[in-house]
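Secondary and tertiary structure notes
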Amino acid sequence: MDLFDLHNADNHKYPVIVSIPHSGTFVPDDISSGMSPSVVLSNVDWFLKELYDFLPDMGITVISSNISRYVIDLNRDKTEDINGEDFWTKLVHTHNAFGNPLYSKPLQPDKIQGRLKQYYYPYHTALEKLIEEKLRFYNKVLLLDLHSFCVDFIEGANEDISLSN
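In this report, the structure presented in the accompanying data block is examined. As the structure is a prediction and not an experimental result, all values here were calculated from the model.

**Quick notes on the side chain of S68**
Structurally, S68 is set in the loop between β3 (61-65) and β4 (83-84). Polar side-chain contacts of S68 include one of 3.0 Å to the backbone nitrogen of Y70. Not counting the four nearest positions on each side in its chain, S68 is found in contact with G24, T25, F26 and V27.

This is how it looks when you write it as structure tokens:
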């Protein structure tokens, strides 16, 4: 399985790149085998690839993950604490979005570092290459990071579109 899907990497029609980092559902066997049997992998950005499937046809550059955010969260800063209970800030989650533990035993540091190498860096390296390539043709590039939005997860939120940093 490919770690991510990439469309229009060489198309320079628009100075736009769309990243869909939480669209993946795949959890490799070596990771899922260590998860608690009753674990629920909630909070996936379901059907975004299908919702935005017109973008590649328009010539927009799109990169979308096939790996679950429960393997590693591609939308987190690698300089933050790497793993922990806080679903909203950690790179490697030990708990799901509802605070339920994912693993019966603590994750070993070498396994976490392995996830960075195997999953995080390839996605971000590809994204950086896309940006560098676009900058050869344009002075600025617009990077759109697309997510589904569930008001149940964000208290007080009622927007249809949320622009953020």
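This is not the end of the story, as more comes after the structure.
**Describing the packing of aromatic side chains**
Per the counting criterion, the structure on display carries four aromatic pairs. Ring centres of F4 and Y123 lie 5.8 Å apart, and the angle between their planes is 85°; on these two criteria the pair is classed as edge-to-face. Taken together, the residues F4 in strand β1 (residues 4-7) and Y123 in helix α4 (residues 109-135) connect sequence positions 119 residues apart. Per residue, the accessibility class of F4 equals that of Y123, and both read buried. On the numbers, 6.2 Å between centres and 40° between planes, the contact of W46 with F47 is tilted. Judged by relative accessible area, W46 falls into the exposed class, the value being 51%. The exposure class assigned to F47 is exposed, which follows from its relative accessible area of 59%.

What counts and what doesn't
- Residues numbered from 1 in each chain as written.
- Predicted model: local features only at pLDDT ≥ 70, side-chain atom pairs only at ≥ 80, totals over all residues.
- Heavy atoms only, no water.
- Helix = DSSP H or I, 4+ residues; strand = E, 2+ residues; numbered from the N terminus.
- Polar contact = N/O pair within 3.5 Å; in protein donor to acceptor, adjacent residues only side chain to side chain.
- Contact = heavy atoms within 4.5 Å.
- Phe/Tyr/Trp six-rings, centres within 6.5 Å; stacked < 30°, edge-to-face > 60°.
- Buried < 20%, exposed > 50% of the residue type's maximum accessible area, 1.4 Å probe, protein only.

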